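Residue-level structural notes
Residue strings, one per chain:
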Amino acid sequence: MSLIPSFFGNRRSNVFDPFSLDIWDPFEGFPFSSTVANVPSSTRETSAFANARIDWKETPEAHVFKADLPGLKKEEVRVEVEEGGVLQISGERSKEQEEKNDKWHRLERSSGKFLRRFRLPENAKTDQVKASMENGVLTVTVPKEEVKKPEVKAIEISG
């Protein structure tokens, strides 16, 4: 359940979650018509694809991120770990080329850039991150360090 009022749109993340750094588009969901002169078409295209949906689950061994990126090739997606333990997933879907004789009846598939950032917990092994892409789903696995159990040393009591 979101703690954000519904006027902020259908954000699935929580602004009070310190690990979530997704980029919020305040104009998401607004119907921009082609008559809006002060909003360039590139901005509308980018905002349409800006919120790539990403799931984050934690298993005993790792943090696993899954992103739905239909129609993208792995060469069009970047996965990076920034200094300070921030995982960044970004990419771009190119706009389809228009031919002179094409007559478009509907244009609903989004194009443009997306960028999502997540602050990883301290137990993440950022030097061992792995990513794979299959059938339009990007899976990023960040292994976790084993929780070290405190060593208990018995002290002999003298006297």
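Higher on the page you've got the structure.
A quick note: this is a predicted structure, and the numbers were derived from the prediction, not measured. Position numbers for residues count from 1 along each chain, tracking the sequence in the order it is written. Whole-chain, interface and lining totals are the exception, using all residues; otherwise, since this is a predicted model, local features are given only for residues with pLDDT of at least 70 and side-chain atom pairs are given and counted only at 80 or more. Only hydrogens and water are removed before side-chain values are computed, so all heavy atoms of the structure are retained for them.

**Some words on the overall build of the protein chain**
Threshold: Secondary structure is summarised from DSSP: a helix means a run of H or I of at least four residues, a strand means a run of E of at least two, and numbering begins at the N terminus for each. Think of it in three bands: with a 1.4 Å probe and only protein chains considered, a residue is buried below 20% of the maximum accessible area for its type, exposed above 50%, and partly exposed in between. Using the Shrake-Rupley algorithm and a 1.4 Å probe, accessible areas are obtained, with residue cover drawn only from the displayed protein chains.
Each helix and strand counted, the protein chain has one helix and seven strands in total. Along the chain direction, N to C, the helices and strands of the protein chain fall in the order α-β-β-β-β-β-β-β. When the 159 residues of the protein chain are sorted by exposure, 28% land in the buried category. Surface summary for the protein chain: the accessible area is close to 12500 Å², and the carbon and sulfur share equals 50%.

**Here's the deal with unusual backbone geometry**
Residue Asn-135 is not a glycine yet carries a positive backbone phi of 55°. When you line up the elements, Asn-135 lands in the loop between strand 6 (130–134) and strand 7 (137–143).

**Examining the packing of aromatic side chains**
For clarity, the cut-off: Stacked, tilted and edge-to-face pairs are distinguished by plane angle, under 30 degrees for stacked and over 60 for edge-to-face with tilted covering the rest, among Phe, Tyr and Trp rings (Trp via its six-membered ring) whose centres lie within 6.5 Å.
Per the counting criterion, the structure on display carries three aromatic pairs. Between the aromatic rings of Phe-65 and Phe-118, the centroid separation amounts to 5.2 Å while the plane-to-plane angle is 45°, which identifies the pairing as tilted. A residue pair is termed long-range when its members are at least 10 positions apart, and Phe-65 in strand 2 (residues 62–68) and Phe-118 in strand 5 (residues 112–119) qualify at 53 residues. By the burial criterion, Phe-65 is buried, and Phe-118 matches it. Each member of the aromatic cluster is reached from another via a ring pair, and the members are Trp-56, Phe-65 and Phe-118.

**Overview of the environment of Lys-66**
Which entries qualify depends on this criterion: A contact between two residues is defined here by any heavy atoms of the two lying within 4.5 Å.
As for its position among the elements, Lys-66 is in strand 2. Expressed as a C-alpha distance, the spacing of Lys-66 and Thr-139, which sit 73 residues apart in the sequence, is 4.6 Å. Those residues in contact with Lys-66 that sit more than four places away from it in its chain are Arg-53, Ile-54, Asp-55, Val-137, Leu-138 and Thr-139.

**Quick word on the sheet that holds strand 2**
This is how the line gets drawn: Here, strands pair whenever DSSP counts at least two bridges between them. Inter-axis angles, ranging from 0 to 180 degrees, are taken between N-to-C directions of lines fitted to C-alpha atoms, where helices are fitted over the stretch in contact.
Reading across from one edge, 1-2-7-6 is the order of the four strands in this open sheet, with antiparallel pairing throughout. A single partner strand is all that each edge strand has here, and the edge strands are strand 1 (54–58) and strand 6. For this sheet, the mean angle separating the axes of adjacent strands, direction not counted, is 15°. Alignment of strand 1 against strand 2, held across five bridges, turns out to be antiparallel. Paired with Asp-55 across the two strands is Lys-66, which belongs to strand 2.

**As for the sheet that holds strand 4 (residues 86–93)**
Spatial ordering of the open sheet is given by 3-4-5, a layout of three strands whose pairing is antiparallel. Each edge of the open sheet carries a strand with a single partner, namely strand 3 (77–82) and strand 5. Each adjacent strand pair in this sheet contributes to an overall mean axis angle of 15°, direction not counted. Relative to strand 5, strand 4 is paired through eight bridges, and the arrangement is antiparallel. Among the inter-strand pairings, Ser-90 is bridged to a residue of strand 5, identified as Leu-115.

**Remarks on the nonpolar core**
What counts here: Remark: nonpolar core denotes a set of buried residues (Ala, Val, Leu, Ile, Met, Phe, Trp, Tyr, Cys) joined through side-chain atoms within 4.5 Å.
Within the largest apolar cluster, 16 residues are counted, with the highest numbers of intra-cluster contacts made by Phe-65, Leu-69, Ile-89, Leu-138 and Val-140. For this core, the elements supplying multiple residues, two or more each, are strand 2, strand 4, strand 5 and strand 7. Sort the elements by how many residues they give to this core and strand 7 lands first, with three residues. Every residue in contact with Val-140, bar those within four places of it in the chain, is listed here: His-63, Val-64, Phe-65, Val-79, Leu-87, Ile-89, Val-129, Lys-130 and Ala-131.

**Considerations on the environment of Glu-75**
Looking at where Glu-75 falls in the secondary structure, it is placed in the loop between strand 2 and strand 3. On a C-alpha basis, the gap between Glu-75 and Gly-91 in space is 8.9 Å, while along the polypeptide they are 16 residues apart.

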